[in-house]
Amino acid sequence: LIEFLQQLINGLAQGAIYALIALGYTMVFGVLRFINFAHGDVFMLGAFAGFYAGPRVLAFFGGGASYPGAGVVLLVAMLVCAVIGILIEFLCYRPLRNRPKLTVLITAIGVSLFLENAGQFVFGADPKSFPELITDRALEIPESWGAVSLLTITANQLIVVGVTVGLLFGLRFIVLHTRMGMAMRAVSFNPTAASLMGINNDLVISFTFGLGSALAGAAGVLISIQQPSIDPLMGVNAGLKAFVAAVLGGIGNLPGAALGGILIGLIEVLVMGYVSPTYRDPIVFGVLILVLLIKPTGLLGASAREKV
Amino acid sequence: MFQKPKILLLLGLLLAALVSWSLGHVPLSNGAGGTRSFIDLYAYYYDVLIGIGISVILAAGLNLVNGYTGQFSLGHAGFMAVGAYASSFLTLKWGASAGGGVLLFPAALFAGGVAAAFAGLLVGGPSLRLKGDYLAIVTLGFNEIIKGVIQNAEPLGAQRGLGGMHQFTNFFWTFGCAAITVYVVLALVHSTYGRGFLAVRDDEIAAEAMGINTTKYKVLAFVVGAFFAGIAGGLYAHFKQFIHPEGFNYLRSVDIVVMVILGGMGNTAGVCFAAVLLTVLPEVLRAVSKAPALPASVQQIAENRMVLYSLLLIVLMLLRPQGLFGGSARGKKGGVK
């Protein structure tokens, strides 16, 4: 049982990352009704932004690993990714706004390939070792807690989950309690009606891309803190998994994306722990296919009827 | 251009046989007084030639699904993997006893195709109920699942890959199969089935209202496409003589999709041309990046061919979404030609 609990903790930390990326997919799908294939690569760029900013920021904060430094690196990566996300939307997707969805989908695949290949050219194809932003250590759990003290919880895991929860609440606040969030929900509900009510749809879409990409950037830094080896193709797999998470939770649904991300993280870790590491990806995709066949709108999604 | 598919098929088969024989037998000077055949002398060019044939089969098959029927599949490499592994498994098992492979190889190829078609049926049945983006993701997922199953199958070499096949594939088999693929696709498209495919693509709801069994047509296109992907996989396996699960990943599928898009979806001649172009282009760029006569800047650009390739895709979508050789964007005129 202790081992099982341990796996759950590891899965939670992994799932938190997927949840952050999945939110970007879901938000973009909400306002534009298309899958931003390049989102996983924005996540990769976030990790590299952290990689280049890390040493400089840490030097500014007096050398070694420190929490304020790590926080600044996180913010820098989020900012860089937000700008990149807005740029991608402006250059590649906006000119295609009224074209068939397939055209936009193919363009998104093109953007994704471009970021991967340009990344290999600019950063080099070999894995890089991410600078240590915070000193990792296992938390000491008092003996008096009984069996719980046998669990290993690292500071990194706690930070990853903590930051994710913080970002989720921040996002919830933006979407539910600000004017821009209200506009986002309006565009997502009905773009035509939203623009008739005086909402600048282009601005809202840009903002959504920025927000989603910032979350992906944060995820990039957080995963690099946990697994400090980054390479230009790291976004492919993570992006696919996060997409599966978004669909599992119900695409277009924010709490669903978070829930889906955590479930996928748990499934992955449990499969690796109890079945076989090589079955991890087939089983995750199997889950996706099952969900789409049984309840295509996902766990928390509302069903929509197709109008002729 | 392809008004008479039957003549085209005959011509293609004949040409394939002729060229194949001459490549192996016509003596060429090897520069030292002796003579050798083209295959011995120019192994690299032969390699590219076979690659072109395989690309044409893959792209023409996928065009039936993505182009004519309008179902965006992103998992073609998975079916290629099924065909490659199935046929290799058969030739490895019976290669010794059946002798020269004159009958064994086509039988194994066919079996590989059937295995891939069966996989296509299994995948297509459930997933073709989904549309657009979802279908793309699910086919991609199946691609990963097929890859994952092979990675865990010990008799198929699992993570180590499978090797040791005899090099049965030659020019004749490759281009003969390419000619058959193009013929079957064209013949299908010009038949009642073809009307069904186009109807499903142009407006699925309207097609259904007219009493067309849209699921049947979608699954049929999918299965035929998968069959030819399996054939292409078998040819590939018996040319390279080594296959690895990672060789059939998502990027490979994207390659094939790009050929179809570049050629103009639902335009067989254009798609075949694009398949040739996209197989030759990387080799040309590779040559350019190594050519000493050219300035370093040109070499460097050519070296990043994958960056160029992806930029090309984006620019193409922005400026000419119907592909280089496609007709109008909605396929009203560009459908059957």
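Presented here is a report on the structure given in the accompanying data block.

Thresholds applied
- Residues numbered from 1 in each chain as written.
- Chains lettered and ligands numbered in written order.
- Predicted model: local features only at pLDDT ≥ 70, side-chain atom pairs only at ≥ 80, totals over all residues.
- Heavy atoms only, no water.
- Contact = heavy atoms within 4.5 Å.
- Salt bridge = Lys/Arg side-chain N within 4 Å of Asp/Glu carboxyl O.
- Polar contact = N/O pair within 3.5 Å; in protein donor to acceptor, adjacent residues only side chain to side chain.
- Nonpolar A, V, L, I, M, F, W, Y, C, P; charged D, E, K, R; others polar.
- Phe/Tyr/Trp six-rings, centres within 6.5 Å; stacked < 30°, edge-to-face > 60°.
- Helix = DSSP H or I, 4+ residues; strand = E, 2+ residues; numbered from the N terminus.
- Buried < 20%, exposed > 50% of the residue type's maximum accessible area, 1.4 Å probe, protein only.
- Lys NZ or Arg CZ within 6 Å of the ring centre and 35° of its normal.
- Axes fitted to C-alpha atoms, helices over the stretch in contact; angles between N-to-C directions.
- Parallel < 35°, antiparallel > 145°, perpendicular 65-115°, else oblique.
- Left-handed = near helix turned anticlockwise from the far one by under 90°.
- Core = buried A, V, L, I, M, F, W, Y, C linked by side-chain atoms within 4.5 Å.
- Expected span 1.5 Å × (residues − 1).
- Patch = residues over 30% accessible without salt bridge, like charges linked within 9 Å, V, L, I, M, F, W, Y side chains within 5 Å.
- Areas by Shrake-Rupley, 256 points an atom, 1.4 Å probe, with all protein chains shown as cover.

### Things to note about the interface of chain A and chain B
Across the contact, 43 residues belong to chain A and 35 residues belong to chain B. Linking chain A with chain B are zero salt bridges. Summed over the shared surface of chain A and chain B, the result is zero residue pairs in polar contact (both at pLDDT 80 or more). The residue inventory of the side of chain A that touches chain B, partitioned by class, reads 31 nonpolar, eight polar and four charged.

### Let's talk about the packing of aromatic side chains
Evaluated as defined, the whole model comprises 18 aromatic pairs over all chains. Centroid distance Y93(A) to F209(A): 5.7 Å. Interplanar angle 45 degrees. Geometry classified as tilted. Residue Y93(A) is located in helix 3 (residues 67-93), and its partner F209(A) is located in helix 8 (residues 201-226); the two are separated by 116 residues in the primary sequence. Of the two residues examined, Y93(A) and F209(A), each falls in the buried class. Taking 5.3 Å as the distance between ring centres and 70 degrees as the angle between the ring planes, the aromatic pair formed by Y44(B) and Y45(B) counts as edge-to-face. An aromatic cluster is built from F48(A), F51(A), Y52(A) and F123(A), whose rings are joined through pairwise contacts. Just above the ring of Y217(B) sits the side chain of K216(B); from NZ or CZ to the centre is 5.2 Å.

### Thoughts on the environment of G212(A)
Residue and element names in this part refer to chain A. Within the element layout of this structure, G212 appears in helix 8. G212 gets classed as buried once you look at its relative accessible area, which sits at 1%. Sequence spacing of G212 and L263 is 51 residues, and the spatial spacing of their C-alpha atoms is 20 Å. Those residues within four positions of G212 in sequence are excluded, and the remaining contacts are G24, M27 and H39.

### Notes on the packing of helix 9 (residues 234-249) of chain A against helix 10 (residues 254-274) of chain A
Between two packed helices, both the angle of their axes relative to each other and the distance between the axes serve to describe the pair. All names here are of chain A. Between helix 9 and helix 10, whose axes approach to 7 Å, the crossing angle comes to 125 degrees. The angle between the axes of helix 9 and helix 10 places the two elements in the oblique class. Crossing angle aside, the handedness with which helix 9 passes helix 10 is right-handed. Judged by residue contacts, K241, V244, A245, L248 and G249 of helix 9 engage G256, G260, G261, L263, I264 and E268 from helix 10. A breakdown of the residues in the contact of helix 9 with helix 10 according to their chemical character gives five nonpolar, four polar and two charged.

### Observations concerning the nonpolar core
Generally speaking, soluble globular proteins have nonpolar side chains that are buried together. Counting 188 residues, the largest nonpolar core has F37(A), F43(A), Y93(A), L64(B), L74(B) and F79(B) as the members making the most contacts within it. A total of 15 residues in this core trace back to one element, the largest contributor, which is helix 10 (residues 214-240) of chain B. Y93(A) has contacts with F34(A), N36(A), A38(A), I88(A), V104(A), A108(A), V111(A) and F209(A), leaving out every residue within four places of it along the chain.

### Describing the packing of helix 3 of chain A against helix 4 (residues 101-123) of chain A
Residues and elements named next belong to chain A. Taken N-terminus to C-terminus, the directions of helix 3 and helix 4 make an angle of 130 degrees; their axes are 11 Å apart at the nearest point. Comparing the axis directions of helix 3 and helix 4 gives the class oblique. Crossing of helix 3 over helix 4 shows right-handed handedness. Residues I88, C92 and Y93 of helix 3 form the contact with helix 4, whose participating residues are V104, T107, A108, V111 and L115. Classifying every residue of the contact of helix 3 with helix 4 by side-chain character gives seven nonpolar, one polar and no charged.

### Here we look at helix 6 (residues 132-152) of chain B
The first and last C-alpha atoms of helix 6 of chain B sit 31 Å apart over 21 residues, in line with the 30 Å expected at 1.5 Å per residue. Summarising burial for helix 6 of chain B: 17 of the 21 residues are buried, a large majority.

### Some remarks on unusual backbone geometry
Residues other than glycine seldom take positive phi values, yet Q241(B) does so here, at roughly 65 degrees. Structurally, Q241(B) is set in the loop between helix 10 and strand 4 (242-243).

### Topic: the environment of R99(A)
Here R99(A) lies in the loop between helix 3 and helix 4. Setting aside its immediate chain neighbours within four residues, R99(A) contacts M317(B), L318(B) and P321(B).

### Regarding the side chain of K128(A)
All names here are of chain A. On the secondary structure map, K128 appears in strand 1 (residues 128-129). Assessed through its relative accessible area of 17%, K128 is described here as buried. Looking at K128, its side chain comes within polar contact range of the main-chain oxygen of F123, at 2.7 Å. The contacts of K128, once residues within four sequence positions are left out, are F48, F51, F123, P228, S229 and I230.

### Notes on a nonpolar patch on the surface
The grouping of L1(A), F4(A), L5(A), Y274(A), V275(A) and Y279(A) at the surface amounts to a nonpolar patch, some 600 Å² of accessible area in total. The residue Y279(A) is located in the loop between helix 10 and helix 11 (280-294) in this model.

Read these as spatial facts, not as claims about activity.
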